Amino acid sequence: MKKTVQVTALLFTSALLLAACGQDKKEETTVATTQDSTTQATTVTPTTATPTTVYSLEDAQKAVFEISDRVGTITMTFYYKDDVLLKQESVENYTLSKIDADNPLELLKNSSAEDEQKYKDLIGKGFEYKSAHNDDIFTVTYSFDYTKTDMKKLKEIEPKLRLTDDNTVSYSEFRDKLLKAGYVEK
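Remarks on the packing of aromatic side chains
Following the criterion strictly, the structure yields 10 aromatic pairs and no others. An angle of 80° between the planes, with centres 5.9 Å apart, marks the rings of Tyr119 and Phe144 as edge-to-face. Pair noted here: Tyr119 is in the loop between α3 (104-118) and β6 (127-134) and Phe144 is in strand β7 (residues 137-145), with a separation of 25 residues, a long-range link. The same class applies to Tyr119 and to Phe144, which are both buried. Arranged with centres 6.2 Å apart and planes meeting at 35°, the rings of Phe127 and Tyr129 form a pair that is tilted. Take Tyr129: its relative accessible area is 7%, and that puts it in the buried class.

Brief notes about the pattern of salt bridges
Within the structure shown, the criterion is met by six salt bridges. Residue Lys186 is joined to Glu66 by a salt bridge in which the shortest nitrogen-to-oxygen separation is 3.3 Å. A residue pair is termed long-range when its members are at least 10 positions apart, and Lys186 in the segment after β8 (184-185) and Glu66 in strand β3 (residues 61-69) qualify at 120 residues. Looking at Lys186, the relative accessible area reads 65%, which means it is exposed.

Topic: the environment of Lys109
Looking at the secondary structure, you find Lys109 in helix α3. Residue classification places Lys109 among the partly exposed residues on the basis of a relative accessible area of 41%. Through-space distance from the C-alpha of Lys109 to that of His133 is 9.0 Å; in sequence the pair is 24 residues apart.

Examining the sheet that holds β6
Taken in spatial order, the six strands make up an open sheet running β6-β7-β5-β4-β3-β8, and their pairing is antiparallel. For this open sheet the edge positions go to β6 and β8, each flanked by a neighbour on one side alone.

A look at α3
Counting along an α-helix, one turn takes 3.6 residues, and residues three or four places apart therefore face a common direction. Taking 1.5 Å per residue as the helical rise, α3 with its 15 residues ought to reach 21 Å, and the 21 Å between its terminal C-alpha atoms agrees with that figure. Burial in α3 covers these residues: Pro104, Leu108, Ser111, Ser112 and Asp115. The buried residues of α3 occupy an angular sector of 100° when the element is viewed end-on, so they sit on one face.

Considerations on the side chain of Asp166
Within the secondary structure, Asp166 is located in the loop between α4 (151-157) and α5 (171-180). You can call Asp166 buried: its relative accessible area is 16%. Looking at Asp166, its side chain comes within polar contact range of the side chain of Thr164, at 2.8 Å. Among the polar contacts listed, one links the side chain of Asp166 to the side chain of Thr168, at a separation of 2.7 Å.

What to know about unusual backbone geometry
Phi at Asp82 is positive, roughly 55°, even though this residue is not glycine. Using a relative accessible area of 53% as the deciding quantity, one classes Asp82 as exposed.

Examining the nonpolar core
Among the nonpolar cores identified, the biggest contains 32 residues, and Phe78, Phe144 and Leu154 are the most heavily contacted of them. Going through the elements one at a time, β3, β4 (72-81), β5 (84-95), β6, β7, α4 and α5 are the ones with two or more residues in this core.

Considerations on the environment of Tyr171
Position of Tyr171 among the secondary structure elements: in helix α5. Separated by 85 residues in the primary sequence, Tyr171 and Leu86 have C-alpha atoms spaced 8.5 Å apart. Not counting residues up to four positions away in its chain, the partners in contact with Tyr171 are Ala63, Phe65, Phe78, Tyr80, Asp83, Val84, Leu85 and Glu185.

What counts and how
- Residues numbered from 1 in each chain as written.
- Predicted model: local features only at pLDDT ≥ 70, side-chain atom pairs only at ≥ 80, totals over all residues.
- Heavy atoms only, no water.
- Phe/Tyr/Trp six-rings, centres within 6.5 Å; stacked < 30°, edge-to-face > 60°.
- Helix = DSSP H or I, 4+ residues; strand = E, 2+ residues; numbered from the N terminus.
- Buried < 20%, exposed > 50% of the residue type's maximum accessible area, 1.4 Å probe, protein only.
- Salt bridge = Lys/Arg side-chain N within 4 Å of Asp/Glu carboxyl O.
- Pairing = 2+ DSSP bridges.
- Expected span 1.5 Å × (residues − 1).
- Arc of directions from axis to C-beta.
- Polar contact = N/O pair within 3.5 Å; in protein donor to acceptor, adjacent residues only side chain to side chain.
- Core = buried A, V, L, I, M, F, W, Y, C linked by side-chain atoms within 4.5 Å.
- Contact = heavy atoms within 4.5 Å.

Shown next, in the form of structure tokens:
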């Protein structure tokens, strides 16, 4: 049963791995400049790891997915525009008394600390993470604002993360992976 608890507690990490969609491609941009009636083309490789397509959360669509088992519930809210995932907000609630482990509170605290350490370079830069314990419930909340997150750093942390041509995550492919994993769209 400890294996089940650990798998459930680490669903946070799995959620990011579900973004393994699209293909990694190096993007190049061609810039034309004019100088004294001559035109020269220069190929520039972007040095920024932010998405090259600019989207705003203001006109984004919203989708909510949920998965439950006997020890807890994970609710994920996504904001997307066209097929681009812009933001992910997740709330994981675990009922400590239903976890079959010697010390479920310690297990979840350690798992949370490991996740927080793993993503420490992104905290406050498009990524937020919190955990809390109240009575019999242990809650983990986190969010990724993909419009602000350094996608190159995220890719280093999650090597299986696949980005589209413009350094974004495909919402439809992410959604399909969630549904295959047992999440239900609300």
